[in-house]
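Descriptive structure summary
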Amino acid sequence: MHALVDGVDILNFASNDYLGLAGDARLVEAAKEALDRQGSGAGASRLIIGNHREHVELERDVAAWVGVEAVQLFNSGYAANTGVLTALLREGDVVFSDELNHASIVDGCRLSRATIAVYKHRDLAGLEQLLKQHAGRRRIVVTETVFSMDGDIVDTASLAEISRRHGAHLIVDEAHAMGVMGPEGRGVESKADIVIGTFGKALGSFGAFAATTHAIADLLWNRARPLIFSTGLPPHVAAASRRAVQIARSSEGETRREKLRAVIARFRAAVPLAGGEASVPIASWLIGEDRQTAELGHRLFEAGFLVGAVRPPTVPPGTARLRISFSAAHTVEHVQQLVEVARRLVVR
């Protein structure tokens with residue numbers, strides 16, 4: 001897992017390429033073949049003439065993978081979250097959002113003009129209290145399953161049960177779980193009404209999707225503004241994503257997930273103070289002070305390691321951290337090298 005930065009080869013621990021597929025020759029070949037057949041661009045919005053065979057086949061394959069009736073593609077995870085929330089919510093509705101949800105979820109909630117009830121991070125008792133307090137025409141609970149800056153996981157089974165009991169719909173963002181967790185890498189088992197997933201992280205491509213029912217997918221086709229008013233994904237990008245899904249579902253995909261788990265376990269054993277859960281390929285090493293975190297990121301870079309030095313507003317004030325992400329393309333030796341350098345620089 002190497003990156004070439006200004007001509008210098010360094011070990012990359014900042015990427016979301018969890019399965020190591022971003023540079024896979026099979027994805028490149030799938031994209032090349034689609035380029036030869038269909039050209040470089042979709043030509044228009046999918047609702048006009050930009051709906052290509054590659055889009056339809058990718059939606060079909062993802063629906064079979066995730067186990068839903070239908071899938072609606074979006075051009076990015078940001079477009080998916082804002083598009084879904086603004087299509088389903090309006091003034092008079094209530095959306096219940098985890099306080100650490102991704103910016104795309106936050107923006108989708110705001111743009112929807114629904115009443116926003118924010119609950120403390122993963123506080124399901126607090127969510128239930130808010131559900132009791134806030135009535136609305138439609139009520140939706142929205143959360144990430146794996147939180148990208150903390151590396152922790154929400155209790156999706158309890159979340160789904162609470163939502164159902166109070167008559168609320170559930171939307172989960174599986175961006176950092178898709179391809180990594182669950183059978184065939186299809187994410188956290190959530191029983192959600194809508195699952196948002198991306199192709200740009202573990203699957204090594206680009207774009208996103210909403211996995212749901214036929215009825216909701218049809219509604220998104222006609223009401224999700226980021227879909228309606230954007231040129232469709234380039235067909236060759238969809239082709240590469242489809243090949244990535246096939247790999248993720250295969251025995252090779254499971255082998256890659258096993259390798260990823262071994263890499264994560266090696267780091268966790270060596271650095272138990274780093275935040276995040278054992279099954280998640282994200283370690284959140286809390287530093288606290290912004291300047292110190294930036295300096296540590298720079299010193300790690302000088303030592304040959306690319307690590308995210310994350311500061312506000314991405315994370316709350318006073319919680320600046322080193323965000324270390326792992327890939328099946330890493331080796332245990334790569335992790336050991338990082339651990340030795342990081343201990344020397346970070347641990348006092």
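Since the structure is predicted, the reported quantities are computational estimates derived from the model, not experimental observations. (Residues numbered from 1 in each chain as written. Predicted model: local features only at pLDDT ≥ 70, side-chain atom pairs only at ≥ 80, totals over all residues. Heavy atoms only, no water.)

What follows deals with the sheet that holds strand β2 (residues 8–12). In space, the 3 strands of this open sheet follow the order β1-β2-β11, with mixed pairing throughout. Looking at which strands have only one partner, the edges of the open sheet turn out to be β1 (2–5) and β11 (305–306). Where β2 and β11 come together, 2 bridges link them in parallel fashion. When the bridges of β11 are listed, leucine 11 appears paired with phenylalanine 305. (Pairing = 2+ DSSP bridges. Helix = DSSP H or I, 4+ residues; strand = E, 2+ residues; numbered from the N terminus.)

With respect to the helices and strands, the residue serine 241 is situated in helix α9 (residues 235–249). Beyond its immediate sequence surroundings of up to four residues, serine 241 is in contact with Leu58, Phe199, Ser205 and Phe206. (Contact = heavy atoms within 4.5 Å.)

Take the side chain of histidine 236 next. Position of histidine 236 among the secondary structure elements: in helix α9. In contact with histidine 236, not counting residues within four places along its chain, are Ala31, Ala34, Leu35, Gly39 and Ser40.

In this section: the packing of helix α11 (residues 290–302) against helix α12 (residues 332–346). α12 packs onto α11 with a crossing angle of 140° between their chain directions and a minimal axis gap of 11 Å. Relative to α12, the element α11 lies oblique. As α11 packs across α12, the resulting crossing turns out to be right-handed. In this structure, α11 contributes Leu296, Arg299 and Leu300 to the contact, and α12 contributes Leu338, Val341, Ala342, Leu345 and Val346. A per-class count over the contact of α11 with α12 returns 7 nonpolar, no polar and 1 charged. (Axes fitted to C-alpha atoms, helices over the stretch in contact; angles between N-to-C directions. Parallel < 35°, antiparallel > 145°, perpendicular 65-115°, else oblique. Left-handed = near helix turned anticlockwise from the far one by under 90°. Nonpolar A, V, L, I, M, F, W, Y, C, P; charged D, E, K, R; others polar.)

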